Amino acid sequence: MAASTPTTYNFSSEPLIKSCPLPKSMISHKGKSGSSLTVTAEKIEPLSSFLKRHKKHLEYEVIESFIESIGRQLQFLERENMGIASFNIDDITVFHADTTTTTVHFAITNDDKIHEINEDHHLVITAPYPKEYTTTATTTTKNKGFHSPEFKEFISKKTVPYEIHFKSGYYSFGLLCMYCYVSRATTANEKDLTDMLAPIINTKIYWFLKQVLQENPTSRRYICV
């Protein structure tokens, strides 16, 4: 069988270039001014395509890698007073260094979702979101969205500029992790969470989800140890 041809992905957003969590071995070109970054991998695909082949759920080790990679990006963005209010599945891209192994890498690749954090610890959304980012996710929606309680309020008010706590993204990412690993649900109330998390109780992923899926944004913590 002939070897597959490596594919490339070009980052042109400064926040995404600087926060890129991919290993150095994947970086094939970096602009001198830091304004461009090219990543080479054996296969590159949107997260929705990756999940389609894993109909049950992702493996535990893959979810750990997922949380660690996205956490590194969010941590960098926060140091630069930036953050993300809500995730859709294909805000994240999957990079396969070698398709003969199960090792994959994840990175946020949609800079449309990055907003400045003000002195009140709120993201400032200055323009309306496209409909695909705010519609309620259904089983027929490929690029599903995962919304925190406060992001749902933003959707209902339909006004900009709008301020939303920067940890809204934690809750959204927690729901995305639930979707990838525990249940194909896209929303969850407190009772749903208790029931859905029961099969993984007391694991690292369980405690991570319990911390990011707090109703009160100020109580959320992005920790997986």
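As a reminder, the structure under discussion sits directly above these lines.
A. Main features of the nonpolar core. If you look at the biggest cluster of nonpolar residues, it comprises 65 residues, and the most contacted ones within it are Leu 47, Phe 66, Ile 70, Ile 92, Phe 106, Phe 173 and Leu 176. Element by element, the count of residues in this core is highest for helix H6 (residues 168-181), at ten residues. Ignoring any residue separated from it by four or fewer positions in sequence, one finds Leu 176 in contact with Leu 47, Phe 66, Phe 87, Ile 89, Ile 92 and Phe 146.

B. Here's a closer look at the pairing of strand S3 (residues 37-41). In terms of burial, S3 is a largely internal element, four of the five residues being buried. Both strand S1 (residues 7-11) and S3 contribute to a ladder of five bridges, which runs antiparallel. Counted as the bridge partner of Phe 11 is Leu 37 from S3. Joining the antiparallel neighbours strand S2 (residues 27-30) and S3 is a turn of six residues, in which Gly 34 adopts a positive phi near 75°.

C. Geometry of unusual backbone geometry. Here Val 160 and Pro 161 are connected by a cis peptide whose omega angle stands at 0°. The phi angle at His 121 is positive, at roughly 65°, despite the residue not being glycine. Inspection of the secondary structure puts His 121 in the loop between strand S9 (114-116) and strand S10 (122-125). Taking the relative accessible area as the measure of exposure, His 121 reaches 47% and is therefore partly exposed. Phi at Asn 202 takes a positive value of approximately 70°, unusual for a residue other than glycine. You can see Asn 202 is positioned in the loop between helix H7 (190-197) and helix H8 (204-212).

D. The arrangement of the pairing of strand S7 (residues 92-96) in detail. Here S7 lies mainly inside the structure; five of its five residues are buried. Sheet topology note: the strand S4 (residues 43-46)/S7 ladder contains four bridges and is antiparallel. Bridging across to S7, Ile 44 finds its partner in Phe 95. Both S7 and strand S8 (residues 104-108) contribute to a ladder of five bridges, which runs antiparallel. Each bridged residue has a counterpart across the sheet, and for Val 94 the counterpart in S8 is Phe 106.

E. Structural view of the sheet that holds S1. Taking strand neighbours across the sheet as the criterion, the three strands line up as S1-S3-S2 in an open arrangement whose pairing is antiparallel. Only two strands of the sheet have a single partner each, and these edge strands are S1 and S2. Taking the axes of each pair of neighbouring strands and ignoring which way they run, one obtains an average angle of 20° across the sheet.

Scoring rules and cut-offs
- Residues numbered from 1 in each chain as written.
- Predicted model: local features only at pLDDT ≥ 70, side-chain atom pairs only at ≥ 80, totals over all residues.
- Heavy atoms only, no water.
- Core = buried A, V, L, I, M, F, W, Y, C linked by side-chain atoms within 4.5 Å.
- Buried < 20%, exposed > 50% of the residue type's maximum accessible area, 1.4 Å probe, protein only.
- Helix = DSSP H or I, 4+ residues; strand = E, 2+ residues; numbered from the N terminus.
- Contact = heavy atoms within 4.5 Å.
- Pairing = 2+ DSSP bridges.
- Axes fitted to C-alpha atoms, helices over the stretch in contact; angles between N-to-C directions.

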